[in-house]
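Each chain, written out:
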Amino acid sequence: MEIIGIVKKLFDIQKFDSGFQKREMVITTEEPYPQNILLEFIQDKVELLNSIRLKDKIKVFINIRGREWTNPEGIIKYFNSIQGWKIEDIQQPLGSSKKTSTISPSLSSDDFDDLPF
């Protein structure tokens, strides 16, 4: 799947003691009722955001992830996340090549089942 929009917010990289890292961004879709969508990039995909700037118009290729988590009180909760894995800049002038960022898969969020997100 993919989402096209304008970069509204870029958050700092979050690093955890387990070695897990993620970086989030918000893009605003361009449709009759624009939506602000939070996307996350995990592990080596964090590097995809290095060349992204506020107000860039981009296409993000995504996977939707869902997970079940049991809190310390035994209550089951469900979480969804939208994970980016490839980015294309779609505002290039005619005659120039698109800027594409992609990194081959390695770890997935399933490798970190103890995290509640």
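You'll find the structure just up there.
Residues numbered from 1 in each chain as written. Predicted model: local features only at pLDDT ≥ 70, side-chain atom pairs only at ≥ 80, totals over all residues. Heavy atoms only, no water.

Some points on the overall build of the protein chain
Argument step 1. Summing up its helical and strand segments, the protein chain has zero helices and seven strands in all.
Argument step 2. Starting at the N terminus and ending at the C terminus, the protein chain contains elements arranged as β-β-β-β-β-β-β.
Argument step 3. A buried classification covers 35% of the 117 residues belonging to the protein chain.
Argument step 4. Long-range contacts, defined as pairs at least 24 residues apart, comprise 53% of the intrachain contacts of the protein chain with a sequence gap of at least 6. (Helix = DSSP H or I, 4+ residues; strand = E, 2+ residues; numbered from the N terminus. Buried < 20%, exposed > 50% of the residue type's maximum accessible area, 1.4 Å probe, protein only. Contact = heavy atoms within 4.5 Å.)

Quick word on the pairing of strand β6 (residues 76-89)
Argument step 1. Note: strand β5 (residues 57-70) against β6, 13 bridges, orientation antiparallel. What sits directly across from Phe 61, in β6, is Lys 86. (Pairing = 2+ DSSP bridges.)

A look at unusual backbone geometry
Argument step 1. A positive phi angle, near 50°, is found at Gln 43, a position not held by glycine.
Argument step 2. Looking at the secondary structure, you find Gln 43 in the loop between β4 (36-42) and β5.
Argument step 3. Not every positive phi belongs to a glycine, and Lys 55 is a case in point at roughly 75°.
Argument step 4. Examined against the element boundaries, Lys 55 turns out to sit in the loop between β4 and β5.

Some details on the pairing of strand β1 (residues 2-10)
Argument step 1. When β1 meets β5, the two strands line up antiparallel, connected through five bridges. Note on β5: the bridge partner recorded for Ile 6 is Lys 57.

As for the side chain of Gln 43
Argument step 1. Using a relative accessible area of 9% as the deciding quantity, one classes Gln 43 as buried.
Argument step 2. A distance of 2.7 Å separates a polar side-chain atom of Gln 43 from the backbone nitrogen of Gln 21. (Polar contact = N/O pair within 3.5 Å; in protein donor to acceptor, adjacent residues only side chain to side chain.)

Brief notes about the packing of aromatic side chains
Argument step 1. Enumeration over the complete set of coordinates arrives at three aromatic pairs.
Argument step 2. With a centroid separation of 5.8 Å and an interplanar angle of 45°, the aromatic rings of Phe 16 and Phe 20 are classed as tilted.
Argument step 3. Accessibility expressed as a relative area gives 4% for Phe 20, which makes it buried.
Argument step 4. Ring geometry for Phe 61 and Trp 85: centres 5.7 Å apart, planes at 50°, overall tilted. Of this pair, Phe 61 sits in strand β5 while Trp 85 sits in strand β6; the two residues are 24 residues apart in sequence, bridging distant segments of the chain. (Phe/Tyr/Trp six-rings, centres within 6.5 Å; stacked < 30°, edge-to-face > 60°.)

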